[in-house]
Amino acid sequence: MVAIHPIAKIIAEKGVDSADLSMFSEEQRRMIYSQAADILFRLNKVEHGLIAMERAGRALPVDQLKKIAENKILLGQHKEAYDLLVKTGQHEMAEFVKMNFL
């Protein structure tokens with residue numbers, strides 16, 4: 001088992017933009033953001049987890065994001081649903097949400 005980097009824990013607690021990782025190599029940054037993304041998803045901080053995943057260079061979990069977007073539509077959180085639909089490449093559905101709810 002890989003030990004969680006302390007900075008990944010800080011990122012999960014304080015937010016993705018809270019840390020300046022410029023002093024780390026690209027490989028180290030990817031590893032830290034990847035670990036932070038895993039922590040954020042476990043904490044149900046999906047939006048921040050997605051940002052961390054993108055910064056880690058990991059593929060977004062499209063099926064999971066589609067389900068989250070559907071739930072956000074049902075909850076009336078249309079802006080968040082729209083953003084997720086765009087990220088998953090569901091442009092037709094995103095346009096439908098935009099035209100009818102935003």
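What you are looking at is a predicted structure, and each value in this text was computed from that prediction instead of being measured. (Residues numbered from 1 in each chain as written. Predicted model: local features only at pLDDT ≥ 70, side-chain atom pairs only at ≥ 80, totals over all residues. Heavy atoms only, no water.)

### What to know about the overall build of the protein chain
Helix and strand counts for the protein chain stand at six helices and zero strands. Here the C-alpha coordinates of the protein chain stretch approximately 45 × 25 × 20 Å along the principal axes. Each of the 102 residues in the protein chain was classed as buried or not, and the buried ones make up 35%. Partitioning the intrachain contacts of the protein chain with sequence separation of at least 6 by distance along the chain shows that 36% fall at a separation of at least 24. (Helix = DSSP H or I, 4+ residues; strand = E, 2+ residues; numbered from the N terminus. Buried < 20%, exposed > 50% of the residue type's maximum accessible area, 1.4 Å probe, protein only. Contact = heavy atoms within 4.5 Å.)

### Quick word on the nonpolar core
In summary, soluble globular proteins display a tendency toward joint burial of nonpolar side chains. If you look at the biggest cluster of nonpolar residues, it comprises 29 residues, and the most contacted ones within it are Ile 11, Tyr 33 and Leu 50. Mapped by element, the contributors of at least two residues to this core are helix 1 (6-14), helix 2 (26-42), helix 3 (46-56), helix 4 (62-74), helix 5 (78-87) and helix 6 (91-101). It is helix 2 that contributes the most residues to this core, seven residues altogether. If we skip the residues at most four places from it in the chain, Leu 50 touches Phe 41, Leu 60, Leu 65 and Leu 84. (Core = buried A, V, L, I, M, F, W, Y, C linked by side-chain atoms within 4.5 Å.)

### Overview of helix 1
Turning to helix 1, its buried residues number three or more, namely Ala 8, Ile 11 and Ala 12. One face of helix 1 carries all of its buried residues, which in axial projection span an arc of 95 degrees. When the buried face of helix 1 is taken as reference, the exposed residues oriented beyond 90 degrees from it are Pro 6, Glu 13 and Lys 14. In this structure, the buried residues of helix 1 make contact with helix 2. At the C-terminal side of helix 1, Gly 15 shows a positive phi close to 110 degrees. (Arc of directions from axis to C-beta.)

### A closer look at unusual backbone geometry
The backbone phi angle of Asn 44 is positive, close to 65 degrees, even though this residue is not glycine. Inspection of the secondary structure assignment puts Asn 44 in the loop between helix 2 and helix 3.

### What about the packing of aromatic side chains?
This model, assessed by the stated rule, comprises one aromatic pair. Centroid distance Phe 96 to Phe 101: 6.2 Å. Interplanar angle 75 degrees. Geometry classified as edge-to-face. Of the residues examined, Phe 96 reaches a relative accessible area of 44% and is grouped as partly exposed. (Phe/Tyr/Trp six-rings, centres within 6.5 Å; stacked < 30°, edge-to-face > 60°.)

### Overview of the packing of helix 2 against helix 3
Orientation of helix 2 relative to helix 3, taken along the N-to-C sense of each, is 160 degrees, at an axis distance of 8 Å. One element, helix 2, and the other, helix 3, form an angle in the roughly antiparallel class. Between helix 2 and helix 3 lies a crossing whose hand is left-handed. Residues Arg 30, Tyr 33, Ser 34, Ala 36, Ala 37, Leu 40 and Phe 41 of helix 2 form the contact with helix 3, whose participating residues are Val 46, His 48, Gly 49, Leu 50, Ala 52, Met 53, Arg 55 and Ala 56. (Axes fitted to C-alpha atoms, helices over the stretch in contact; angles between N-to-C directions. Parallel < 35°, antiparallel > 145°, perpendicular 65-115°, else oblique. Left-handed = near helix turned anticlockwise from the far one by under 90°.)

### Observations concerning the side chain of His 78
Of note, His 78 is situated in helix 5. According to the relative accessible area criterion, His 78 is buried, its value standing at 17%. When neighbours within four sequence positions are excluded, His 78 is seen to be in contact with Lys 72, Ile 73, Val 97, Phe 101 and Leu 102.

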